[in-house]
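# Structural features, examined
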Amino acid sequence: MARPQLEKKERLKIPRQDMPVQDPLERIRNFSEVALGFTPELAVAEADRCLECKKPLCIDGCPVGIDIPAFVAAIQREEFGEALAIIKKDNTLPAICGRVCPQEDQCEQVCVTGKKYKPVAIGRLERFVADVEIASGEIKMPDQGVDTGFRVAIIGSGPAGLACAADLAIRGHQVTIFEALHKPGGVLVYGIPEFRLPKAVVDGEIHNLEKLGVEIRCNFVIGKIATVHELLNEWGYDAVFIGTGAGLPYFMGIPGEDFIGVYSANEFLTRVNLMKAFAFPEYDTPVEMGSRVAVVGSGNVAMDCLRTALRLGAEEVICLYRRTRAESPARLEELEHAEEEGIDFRWLASPVEIYGDDNGCVTGARVQKMELGEPDASGRRRPVPIEGEQYDIEIDTVIMGIGQGANPLVTQSTEGLDLNRWGNIVADEESMATSIPGVYAGGDIVTGAATVILAMGAGKQASKGIDRYLRETVKVPQGARSTA
Amino acid sequence: MAELLKIEEIAPLFKRYLVHTPEIARKHRAGQFVIVLLHERGERIPLTIADSDAEAGTITLVVQEVGKSTMEMGTLEEGSQIEVVGPLGTATHIEKVGTCVCIGGGAGIAPLLPIARALKEAGNQVVSILGGRTEELVILRPEMEAASNEMIYTTDDGSFGRKGLVTHALETFVEERGKPEIVIAIGPAIMMKAVAEMTRPLEIPTVVSLNTIMIDGTGMCGGCRVAVGGESKFVCVDGPEFDAHKVDFDLMMKRQRTYLIKEEEARKRFLELHECKALQGTEAS
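Residues numbered from 1 in each chain as written. Chains lettered and ligands numbered in written order. Predicted model: local features only at pLDDT ≥ 70, side-chain atom pairs only at ≥ 80, totals over all residues. Heavy atoms only, no water.

To continue, consider the overall build of chain B. A tally of regular secondary structure across chain B gives nine helices and 15 strands. On C-alpha atoms alone, chain B measures out to a radius of gyration of 19 Å, which is about the 19 Å that the 2.2 N^0.38 rule sets for 285 residues. The principal-axis extent of the C-alpha atoms belonging to chain B is close to 65 × 40 × 40 Å. A fraction of 64% describes how many contacts in chain B between residues 6 or more apart in sequence connect residues 24 or more apart. Total accessible area on chain B is roughly 12,400 Å²; 50% of this is exposed by carbon and sulfur atoms. Positive and negative charge centroids in chain B, built from 31 and 42 side chains respectively, lie 4 Å apart. (Helix = DSSP H or I, 4+ residues; strand = E, 2+ residues; numbered from the N terminus. Rg over C-alpha atoms; globule rule 2.2 N^0.38 Å. Contact = heavy atoms within 4.5 Å. Areas by Shrake-Rupley, 256 points an atom, 1.4 Å probe, with all protein chains shown as cover. Lys, Arg positive; Asp, Glu negative; His and termini not counted. Charge placed at Lys NZ, Arg CZ, Asp CG, Glu CD.)

So, in structure tokens, the structure goes:
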């Protein structure tokens, strides 16, 4: 049944396959997933575009080093299960990463086909094979090492924690994840909206983790109910991984920020995604949003807020960003989706004051026009205010999507843990070890706000460091010692 | 999940819950709180911890039924399971300073109890001023009496103790006995504001415990932010206790009203559904 091999020229003739999406006019009224995924035909056609380079660059472009040419070749052969197995060697959460990874900055950016043509849609292919397995209902679990008796505590059930947990469980260690909220998944459940990452996909991946024997304890705020040192010294854990993410919302520090109707992106998204405020009063958590909404910032989180506001019924949704579209940190796909949906983007605009009425409710904002000046430390041209160029807008809701910092709850309660000046944990790049023996860290709590895949990569990386530490330094599990 | 071991009505619309949460009970310090979630569709509600017993592995919550979720909690039966997370917030700073006046109003008496007890145990002279609209709403009197050296009661209608507000009682106390070393006031925002305004000119250090709208309780959402000394602070992690003289109570009270309309809608809806169920129950029996 093998199809004839295509010549390079023939491969390059195939156009990059578009992924079917919900119609913009339709989708702004629902929370269902926007991108619908490849059909098998589209997936094979897209896979055929891969040149199977002798020296593939895409693998190096992937933060977790997936053997991309091999899995794409398996799709060419229509061996979708085999393709997924190849991915799963390096990535335990393919259905999630296929959806939310910024492939255009990673594997697809360096794709050889992409040098002259459009790159192979690696992310869409990854998502496709993961979805095929989910739809089949038969999830193939990886082989697990024999029980080592070592116990590892993981703080935070976001992408870093999940990836670290999966790899440690596969290596035979007993893993407990402590999650502060009542549902596991971290930013995957409270932050990223349903229309971009269906919660059923996240639940499925977490369920798989539990099948590997990982214990998830929700409603546990480490730093409060137990400190990191207590986990090691009293709770019997041989090692700890901190993957608490970037959970401290930034505000701008402008007048009027405490008025009713000003939300942090975290609060707005948590109310809607985790607490399902869109279904109030069937669900008890409300969200108070008017008809004219401004979101400050233009990253992926800001895009999520803009598009969520639209789906909640806002008539006008404005994006205020102090730089231009070109500097916008959001994924291009998200930006384009937001544009298609009718978001009013105001580039080079930054609020300087929020107005409110006597009841303390937001009524508007004063916006400062900006221009781009000299490049700053990030290499991007610095936005500078144009003197005298300010205007007022009428709005009733403002959402601050300008970034998140390190949440100090765990770090401040952990004596001896070295932090940098922004409050992020200092961890060894290779092993992810912190200044405390047996304590490892990775993800946004180390790097500052970044991406799901980088956090996953860090979690995986740490699992290797932890594994080595357990086998070479600890040698005998605490549990075995106490019974000896 | 945590089991509700015992539920008792201690005053009209006030229930006391004994909750089995061994880990929280072991860690709880005066001044901290928990967040409770009743079910999958519920909202996360911050509740102060009125008492804890590390040996029995229990904490006590005293809840006033004011909105949909607290009313729904009131319909639960002993043996029910709810989600509880905590202990959250920064514990009260306890040290021996001399005379401490602990002022509690309404539901605020519950979180005051462990604080008064800890202050007394630290060797302070604890004078508690408890107030309510009417006698039966001045809750936890025996417990507060055991945790204090001296009691002063006030009611709005004069049905118990002195007629008037807690601030009047504080004023009289200061006139007769001089300034205490510290005042701790927990109750409705308007009461805490009045206490702060009274003690400010007298320069009596005053601490209040704020109960704002929250979601996660870990500093992640910022919904609970209040202006303290011109700075934005998160009640869940920086508080819940703050220097009363620095808190912008007016802004806080406005923010408390954010969901007023939706809260009322949810409350009405719950009452209608609940009455329907109650009626169906009578028909069936």
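That was the structure; now back to the text.
Before going further, it helps to examine the sheet that holds strand β10 (residues 349–356) of chain A. Two modes of strand pairing occur in sheets, parallel and antiparallel, and in both the strands are linked by backbone hydrogen bonds. Residue and element names in this part refer to chain A. Taken in spatial order, the three strands line up as β10-β11-β12 in an open sheet, and their pairing is antiparallel. Edge positions in the open sheet fall to β10 and β12 (381–394), since each of these has one partner strand only. With strand direction ignored, the average angle separating the axes of adjacent strands in the sheet is 20 degrees. One ladder, built from seven bridges, connects β10 with strand β11 (residues 362–375); its direction is antiparallel. Following the sheet pairing, Gly 356 is matched in β11 by Val 362. (Pairing = 2+ DSSP bridges. Axes fitted to C-alpha atoms, helices over the stretch in contact; angles between N-to-C directions.)

Residue and element names in this part refer to chain B. Here helix α6 (residues 189–202) crosses helix α8 (residues 249–256) at 180 degrees, and the two axes come no closer than 10 Å. Classed by the angle they form, the pair α6 and α8 counts as roughly antiparallel. Note on element contacts: α8 touches α6 through Phe 249, Asp 250, Met 252 and Met 253, opposite Ala 189, Ile 190, Met 192, Lys 193 and Ala 196. Tallied by class, the residues present in the contact of α6 with α8 amount to seven nonpolar, no polar and two charged. (Parallel < 35°, antiparallel > 145°, perpendicular 65-115°, else oblique. Nonpolar A, V, L, I, M, F, W, Y, C, P; charged D, E, K, R; others polar.)

On to the pairing of strand β13 (residues 397–400) of chain A. All names here are of chain A. Here β13 shows a buried face lined by Thr 397 and Ile 399 and a second buried face lined by Val 398 and Met 400. Of the strand pairs in this sheet, strand β7 (residues 292–296) and β13 are connected by four bridges, and their pairing is parallel. Bridge pairing in β13 places Val 296 opposite Met 400. (Buried < 20%, exposed > 50% of the residue type's maximum accessible area, 1.4 Å probe, protein only.)

Confidence in the prediction of chain B, expressed as mean pLDDT, is 94, and 96% of residues score 70 or more. Interface scoring of the predicted complex returns ipTM 0.93; its pTM is 0.93. (pLDDT = per-residue confidence, 0-100.)

If you walk through the whole model with that rule in mind, you get twelve aromatic pairs over all chains. Residues Phe 31 of chain A and Phe 195 of chain A carry aromatic rings whose centres are separated by 6.4 Å and whose planes lie at 45 degrees to one another, so their mutual orientation is tilted. One end of the pair, Phe 31 of chain A, is in the loop between α2 (24–27) and α3 (40–47); the other, Phe 195 of chain A, is in the loop between α12 (187–190) and α13 (199–211), with 164 residues separating them in the sequence. Summarising the burial analysis for this pair, Phe 31 of chain A and Phe 195 of chain A share the class buried. A centroid spacing of 4.9 Å and a plane angle of 90 degrees characterise the contact between Phe 80 of chain A and Phe 128 of chain A, whose relative ring orientation is edge-to-face. Of the two residues, Phe 80 of chain A is situated in helix α6 (residues 80–88) and Phe 128 of chain A in helix α10 (residues 122–136); the sequence distance between them amounts to 48 residues. Accessibility assignment for this pair places Phe 80 of chain A and Phe 128 of chain A in one class, buried. Put simply, the rings of Phe 178, Phe 220, Trp 235 and Tyr 237 of chain A pair up and form one aromatic cluster. Here the guanidinium or amino end of Arg 151 of chain A rests over the ring plane of Tyr 237 of chain A, the centre of that ring lying 4.2 Å away. For the cation-ring pair, Arg 141 of chain B lies above Tyr 153 of chain B, with the distance from its terminal atom to the ring centre recorded as 6.0 Å. (Phe/Tyr/Trp six-rings, centres within 6.5 Å; stacked < 30°, edge-to-face > 60°. Lys NZ or Arg CZ within 6 Å of the ring centre and 35° of its normal.)

Residue and element names in this part refer to chain A. With 13 residues, α13 extends 18 Å between its outermost C-alpha atoms, agreeing within 8% with the 18 Å of an ideal straight helix rising 1.5 Å per residue. Those residues of α13 hidden inside the fold are in contact with α7 (94–100), α11 (159–170), β2 (174–178), α12 and β3 (215–217). Phi for Gly 213, located one or two positions after α13, is positive at around 95 degrees. (Expected span 1.5 Å × (residues − 1).)

Take α8 of chain B next. Among all positions in α8 of chain B, only Phe 249, Leu 251, Met 252 and Arg 255 of chain B are buried. Here the buried residues of α8 of chain B occupy an arc of 160 degrees about the axis, which is enough to place them on one side. Contact partners of the buried residues in α8 of chain B: β6 (262–264) of chain A together with α6, β12 (206–209) and β13 (225–228) of chain B. (Arc of directions from axis to C-beta.)

Next up on the list: the sheet that holds strand β1 (residues 2–11) of chain B. Residues and elements named next belong to chain B. Spatial strand order, β1-β2-β5-β4-β3-β6: six strands in a closed barrel with antiparallel pairing. Ignoring which end each strand starts from, the neighbouring axes of this sheet average 45 degrees apart. In this sheet, strand β2 (residues 14–20) lies alongside β1 in antiparallel orientation, the contact comprising seven bridges. Residue pairing in the sheet places Ile 7 in a bridge with Tyr 17 of β2. In the packing of helix α3 (residues 109–121) onto the sheet, the strands contacted are β4 (45–53) and β5 (58–64), and the crossing angle to β4 comes to about 40 degrees.

All names here are of chain B. Remark: helix α5 (residues 166–177) packs on α6, axes separated minimally by 9 Å, with the N-to-C direction vectors making an angle of 20 degrees. Classed by the angle they form, the pair α5 and α6 counts as roughly parallel. Two packed elements cross with a definite hand, and for α5 against α6 that hand is right-handed. When α5 is examined against α6, the residues Val 166, Thr 167, Leu 170, Glu 171 and Val 174 are found in contact with a partner set consisting of Met 191, Ala 194, Val 195, Met 198, Thr 199 and Leu 202. (Left-handed = near helix turned anticlockwise from the far one by under 90°.)

A word on the interface of chain B and chain A. At the junction of the two partners, chain B supplies 46 residues and chain A supplies 44 residues. Both faces considered, chain B and chain A share a buried interface measuring about 3,900 Å² in area, 55% of it formed by carbon and sulfur atoms. Among the residues chain B hides against chain A, the three largest losses belong to Arg 41, Met 220 and Tyr 259 of chain B. Together they make up 18% of the total. The tally of links between chain B and chain A comes to seven salt bridges. Here Glu 282 of chain A and Arg 269 of chain B are joined by a salt bridge, their closest N and O atoms 3.1 Å apart. Across the contact surface, chain B and chain A share 22 residue pairs in polar contact (both at pLDDT 80 or more). Contributing elements (two or more residues each) for the side of chain B that touches chain A: α1 (22–27), α2 (68–74), β6 (81–88), β13, β14 (231–234), α8 and α9 (260–284) of chain B. Ranked by residues supplied to the side of chain B that touches chain A, first place goes to β6 of chain B with six residues. (Buried area = accessible area lost by both parts, 1.4 Å probe. Salt bridge = Lys/Arg side-chain N within 4 Å of Asp/Glu carboxyl O. Polar contact = N/O pair within 3.5 Å; in protein donor to acceptor, adjacent residues only side chain to side chain.)

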